[in-house]
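A closer look at the structure
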Amino acid sequence: MKMNLFLYAAITLAATLVSAETKTRPNVILVMTDDQGYGDLGCHGNPILKTPELDKLHSESVRFTDFHVSPFCTPTRAALMTGNHPAYTGAFRTSSGRTLMHPDEKTVAHLFSENGYATGMVGKWHLGDNAPHRPQDRGFQEVLWHRAGGVGQAPDYWGNDYFDDTYERASTDNKKGTFEKFEGYCTDVWFREGIRFIERNREQPFFLYLALNAPHGPYHVPPEWAKPYEGNKAVANPNFYGMIANIDHNMGILRGRLEVLGLADDTILIFMTDNGTSAGGKFRGLDSEPLVGYNAGMRGKKSSVFEGGHRVPFFIYWPEGGLTGGKDVDTLAAHIDVLPTLAELCGIQVPDAFDLDGVSIKPLLYGEDDSWERTHHVIQYHGGAYGKAMPPGPLAYSVVLKDRWRLVNSDGEYLFDMESDPAQQRNLAAERPEQVESLRALYYPFWERVSPRMTPVRIDIGNPAENPVSLSSQDWRMESGNPPWNFGSIRKLPKVTGPWMVDVKSSGRYRITLRQWPAEANKPVVAVRAKVKVSGKEMELPVSPGSKGVVFELNLPSGPTELWTYLYDENGEAGGAYFTEVEAL
């Protein structure tokens, strides 16, 4: 009995000490917008767009002026979550089965939840719509999210259009998730729900990842936000600016609520974006300077490996930590550095299992540049825009960044001196071959690091955390190009199919239902014959007139496999079942 009482007292004391320690740690709010470029802010010189709240945050924060992400969506999110190069995680494109991270990748949410933090994710995930890849599978204890790479895309809830949408709410206790309908504009909903997460968890340290889908297209926004920019010939897209103005307004609401709750001083607040601008200007292709609009003097937009495609805002504000005052840091930093930085600022040890590519930028935040470890950085758009360079290989659509230099591989090799030529107009490759060779040599260790991990990542079927599984053609793993990923292409019933890379978690009988539209759409299958191939088995069935789905039942062995679907028309031409449900019976 004495031993039991002693153990109880020791455990209680340890728990009290841990509790006291975690309560002294700062909160973290990471706000990331979607497709907003460096120039899409008033504080960065935009002469038209009004962003007073973000300008205020800029004036009060430590700002990185040479901060880089990936040229587009999913890769940036993978790097941000793991501290690793996107291709190393397995999530290096926005569709085609390459948006999923390897199951052994640990995230910032795992790290913080395992160290006493409440972890929440609100908004856009785009790192997998199915188990074991959803945010609730990746360390987030409370989640409210939309599926796919954008609201209204094929895997998202049928009928979502930015207004009064239906999103999935999930938690540690409800990993399966439930769909819930909300009133209002999507950005307003995300901020409102983010604030509710803060209020629920204000008595303990919390980590909130507030990942907005705006200003990603389609460019829908309440008209009052776009109205100030309509009729101005210098504005490429009034709705795009309106979406950013609405974000700015909500940032003011968020900061005001933090003040009221007494949390503003001891909360690390980060604002950043996921890639260059998508609609802040009109461009000639992806790599030009804007013909109309403002891009902060840079060449390139979203999906470009020129500077405007990946240099983005990064503001960090933490009064109790001394990160205030409107100070600029002009040293090269990147998305892979965010996880180790937040861990160090919050006094959390990162286990060796994370195997980080990023390094903490804490020395730069506090002016200790002499202890900064990075000498260069490599970014690569594996496969190129529109999948034109698939399968991914070395060097293609890459950029090596070191000090003033950029070695760009994009339909040719370019060397730029960013100090004398920030718009990247003068290619110095022929004049400075030794510099080209030096930078190119820095690329190859990067490729050796990431290329072995650019292998298929599988979706679970028969996983109790998600049964049945609803699959979308967005995740077909295509060898080249992109699969049908939005309703603009799906409604044409394209004659193409591809495999889902799946992992059958347990052997047994499975029901597989083939459709061309989500079940919620209640639309008939336009085909006369259906076929499914999986685990070395093939089965065909006729399609009954008016059928809303073609149902197969098969016995499947456990293990990794490919799932192929075919819907044949009267001429014998086949397209895939763009929506397929798999249920373990």
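Here is a short report on the structure shown in this document. Here the residue numbers are simple positions, counted from 1 along each chain's written sequence. Where local features are concerned, this predicted model is filtered to residues with pLDDT of at least 70; where side-chain atom pairs are given and counted, the filter is 80 or more; whole-chain, interface and lining totals use all residues. Side-chain figures throughout are based on the complete set of non-hydrogen atoms in the structure, without hydrogens or water.

You can see Pro363 is positioned in helix 10 (residues 362–365). Each residue is placed in one exposure class: buried if its accessible area under a 1.4 Å probe, protein chains only, is under 20% of its type's maximum, exposed if it is over 50%, and partly exposed if it falls in between. The exposure class of Pro363 is buried, given its relative accessible area of 12%. Between two residues, a contact is recorded if the distance between any of their heavy atoms is within 4.5 Å. With residues near it in sequence (within four places) discarded, Pro363 still touches Glu368, Asp369 and Ser371. Put simply, DSSP marks the helices as runs of H or I at least four residues long and the strands as runs of E at least two long, and each gets a number from the N terminus on.

Turning our attention to the pairing of strand 13 (residues 314–317). What you see with strand 13 is no split at all: Phe314 and Ile316 on one side and Phe315 and Tyr317 on the other are buried throughout. Summarising the sheet, strand 2 (residues 62–64) and strand 13 pair through 2 bridges and their orientation is antiparallel. Bridged to Val62 within strand 13 is Ile316. Strand pairing is assigned whenever DSSP identifies at least 2 bridges connecting the two strands. The pairing of strand 9 (residues 267–273) with strand 13 spans 4 bridges and is classified as antiparallel. Each bridged residue has a counterpart across the sheet, and for Phe271 the counterpart in strand 13 is Phe315.

As summarised here, the arrangement of the 4 strands in space is 21-29-23-26, forming an open sheet in which the pairing is antiparallel. Since the sheet does not close on itself, it has two edges, and those belong to strand 21 (469–472) and strand 26 (550–556), each with one partner. Between one strand and the next, the sheet's axes are offset by a mean angle of 25°, whatever the strand orientation. Of the strand pairs in this sheet, strand 21 and strand 29 (residues 579–584) are connected by 4 bridges, and their pairing is antiparallel. In the strand pairing of strand 29, Ser472 is matched with Phe579. Note on geometry: axes are C-alpha line fits, over the in-contact stretch for helices, and angles between N-to-C directions span 0 to 180 degrees.

Another aspect to go through is the packing of helix 2 (residues 52–60) against helix 8 (residues 238–260). Two elements in contact, helix 2 and helix 8, have axes whose closest approach is 7 Å; the angle formed by their N-to-C orientations is 55°. It follows from the interaxial angle that helix 2 and helix 8 lie oblique. Residue-level inspection shows Pro52, Glu53, Leu54, Lys56, Leu57 and Glu60 of helix 2 in contact with helix 8, the latter providing Asp248, Met251, Gly252 and Arg255. Residue composition of the contact of helix 2 with helix 8, by class: 4 nonpolar, 1 polar and 5 charged. For this classification, under 35 degrees means roughly parallel, over 145 means roughly antiparallel, 65 to 115 means roughly perpendicular, and everything else is oblique. Classes in brief: Ala, Val, Leu, Ile, Met, Phe, Trp, Tyr, Cys and Pro nonpolar; Asp, Glu, Lys and Arg charged; the others, Gly included, polar.

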